[in-house]
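Working through the structure, step by step
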Amino acid sequence: MSNTESKESTIKELLDLSGKVALVTGCTGYLVQSMCRALAEAGASVVLADIPKMMERAQELANSLPAAGKAKHHCVELDYMDYESIDKCVSDAVKMAGRIDILVNAGYERVTSDWTDVTGEQFTRQLTNATGCFLLARRVRDHVIERGGGASIINIGSMYGIVASYPDAYVDVPMASPVAYHALKGGILSMTRHLAIYWADDGIRVNCLSPGPFPAPTVDPRMIERLSSKSPMKRMGKPYELKGAIVFLASEASSYMTGQNLIVDGGWMAW
Ligand SMILES: NC(=O)c1ccc[n+]([C@@H]2O[C@H](COP(=O)([O-])OP(=O)(O)OC[C@H]3O[C@@H](n4cnc5c(N)ncnc54)[C@H](O)[C@@H]3O)[C@@H](O)[C@H]2O)c1
């Protein structure tokens, strides 16, 4: 699919993921389900990874994804808190799908305690999500080196890895912007840049996709109202509004892009 002087790929060819395999963690998440659909709609086989208790839901999702041509979707267990599961997830994914070309590090275990009451153990556990993302990315890199060719790794960050939250948006509602989450997402962004530089020579691109406010409809409506009033577009993002960005970063359409952070936030950070 590479562009030469005599032949330039069309934009459809650049965005086409036919024949590629994407491993996606946290697949049953509110936003991640749309990302899985986007990758499948672009032609990829998707290996849907999630914690053991979400496997039934993951399988339902896998069954519902479109499968173009020879594409086939699979499910694997993965828990960032359990390092053994990370090695096993990659081995299982390669056994089932034959290879991995794209990794989306999207899952995370939540923490709900904020700066007032978070314990040292809870804070460290939240940061362990970053450890898990790193160990999984490194394991995928080893696989790519072994099989030859390149890969695209996409770490899912957040606007809260870059900017602080407005404290008044979270008064008297369940905490949705805890300090340990900010530390986690800031770390994910920094790690993205580091790995991008070290792995560029291996043909492995590493980028971050940072969503802005995309609260699930189940969250306290007061929070949605407050956040909407602070957004230039006066509304929250919808999961499908990340589909273009994930396919762009996964595909050859972003082939000269690594170590970057793609922000999709309805203009939140442009004020
Ligand atoms: N929803 C938003 O407003 C928003 C905003 C900015 C960034 N993000 C980021 O986007 C990504 C997806 O968000 P979402 O709203 O779909 O999240 P979600 O909370 O709906 O889903 C999280 C997923 O992670 C999985 N998970 C839980 N513990 C795990 C563990 N130990 N190891 C691996 N996976 C685990 C869950 O089972 C679930 O599938 C996350 O990385 C999140 O931080 C979300």
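Below is a short write-up of the structure. (Residues numbered from 1 in each chain as written. Predicted model: local features only at pLDDT ≥ 70, side-chain atom pairs only at ≥ 80, totals over all residues. Heavy atoms only, no water.)

Another aspect to go through is helix H4 (residues 83-97). The terminal C-alpha atoms of H4, which comprises 15 residues, lie 22 Å apart, in line with the 21 Å expected from a rise of 1.5 Å per residue. Taken together, the buried positions of H4 are Ser 85, Ile 86, Cys 89, Val 90, Asp 92 and Ala 93. Where H4 is buried, its residues contact strand E1 (21-25), strand E2 (45-50), strand E3 (74-77) and helix H5 (120-147). Two residues or fewer after H4 comes Gly 98, characterised by a positive phi angle close to 95°. (Helix = DSSP H or I, 4+ residues; strand = E, 2+ residues; numbered from the N terminus. Expected span 1.5 Å × (residues − 1). Buried < 20%, exposed > 50% of the residue type's maximum accessible area, 1.4 Å probe, protein only. Contact = heavy atoms within 4.5 Å.)

This paragraph deals with the side chain of Ser 85. Along the polypeptide, Ser 85 turns up in helix H4. In this structure, Ser 85 is in contact with Glu 77, Leu 78 and Asp 79, ignoring residues within four places of it in sequence.

Okay, the packing of aromatic side chains next. Enumeration according to the criterion identifies three aromatic pairs in this entry. Geometrically, the ring pair formed by Tyr 108 and Tyr 181 is tilted, given 5.5 Å between the ring centres and 50° between the ring planes. Of this pair, Tyr 108 sits in the loop between strand E4 (102-105) and H5 while Tyr 181 sits in helix H6 (residues 179-199), placing them 73 residues apart in sequence. Note on Tyr 108: relative accessible area 31%, which makes it partly exposed. Taking the relative accessible area as the measure of exposure, Tyr 181 reaches 13% and is therefore buried. Look at Tyr 166 and Trp 268: their rings are 5.8 Å apart centre to centre, the planes differ by 65°, and that puts the pair in the edge-to-face class. Here Tyr 166, found in the loop between strand E5 (151-156) and H6, pairs with Trp 268, found in the segment after strand E7 (261-264); they are 102 residues apart in sequence, far enough to count as distant. Its relative accessible area of 37% is what places Tyr 166 among the partly exposed residues. Overall, Trp 268 belongs to the buried group, its relative accessible area being 6%. (Phe/Tyr/Trp six-rings, centres within 6.5 Å; stacked < 30°, edge-to-face > 60°.)

Attention now moves to the packing of helix H2 (residues 32-41) against helix H8 (residues 243-250). The interhelical angle for the contact between H2 and H8, taken along N-to-C directions, is 55°, at an axis separation of 9 Å. In terms of their interaxial angle, H2 and H8 are classed as oblique. Crossing of H2 over H8 shows right-handed handedness. Contact residues: H2 offers Ser 34, Met 35, Arg 37, Ala 38, Leu 39 and Glu 41, while H8 offers Lys 243, Ile 246, Val 247 and Ala 250. Looking at the contact of H2 with H8 residue by residue, the classes come out as six nonpolar, one polar and three charged. (Axes fitted to C-alpha atoms, helices over the stretch in contact; angles between N-to-C directions. Parallel < 35°, antiparallel > 145°, perpendicular 65-115°, else oblique. Left-handed = near helix turned anticlockwise from the far one by under 90°. Nonpolar A, V, L, I, M, F, W, Y, C, P; charged D, E, K, R; others polar.)

Core analysis: the largest hydrophobic core is formed by 42 residues, its most contacted members being Leu 23, Leu 136 and Leu 227. Core analysis: the next-biggest nonpolar cluster, separate from the first, contains 35 residues, Ala 38, Phe 214, Leu 242 and Met 257 among them. (Core = buried A, V, L, I, M, F, W, Y, C linked by side-chain atoms within 4.5 Å.)

The next thing to look at is the site of the ligand. Surrounding the ligand, one finds 27 residues, the nearest of these being Leu 31, Asp 50, Asp 79, Ala 106 and Tyr 181. At a separation of 2.6 Å, an oxygen atom of the ligand approaches a polar side-chain atom of Tyr 181. Coverage of the ligand by the protein amounts to 88% of the 830 Å² it exposes when considered alone. When atoms are counted within 2 Å of each cavity's grid points, the one that captures over half of the ligand is the largest pocket. Considering only residue class, the shell around the ligand consists of 15 nonpolar, seven polar and five charged. (Near = heavy atom within 4 Å. Polar contact = N/O pair within 3.5 Å; in protein donor to acceptor, adjacent residues only side chain to side chain. Areas by Shrake-Rupley, 256 points an atom, 1.4 Å probe, with all protein chains shown as cover. 1 Å grid on protein atoms, 1.4 Å probe; cavity = no way out; pocket = protein on both sides within 12 Å on 5 of 7 lines; lining within 4 Å. Sits in = over half its atoms within 2 Å of the grid points.)

Time to look at the packing of H4 against H5. Taken N-terminus to C-terminus, the directions of H4 and H5 make an angle of 35°; their axes are 10 Å apart at the nearest point. Crossing geometry of H4 relative to H5 is assigned as right-handed. Between H4, through Tyr 83, Ile 86, Asp 87, Cys 89, Val 90, Ser 91 and Val 94, and H5, the contact on the second element is made entirely by Thr 128, Thr 131, Gly 132, Leu 135, Leu 136, Arg 139, Val 140 and His 143. Partitioning the contact of H4 with H5 into residue classes produces eight nonpolar, five polar and two charged.

Let us now look at unusual backbone geometry. We note that Asp 172 has phi near 60°; this positive angle belongs to a residue other than glycine. For Asp 172, the location among the structural elements is in the loop between E5 and H6. We classify Asp 172 as exposed; its relative accessible area is 65%. For Lys 234, which is not glycine, the phi dihedral falls at a positive 60°.

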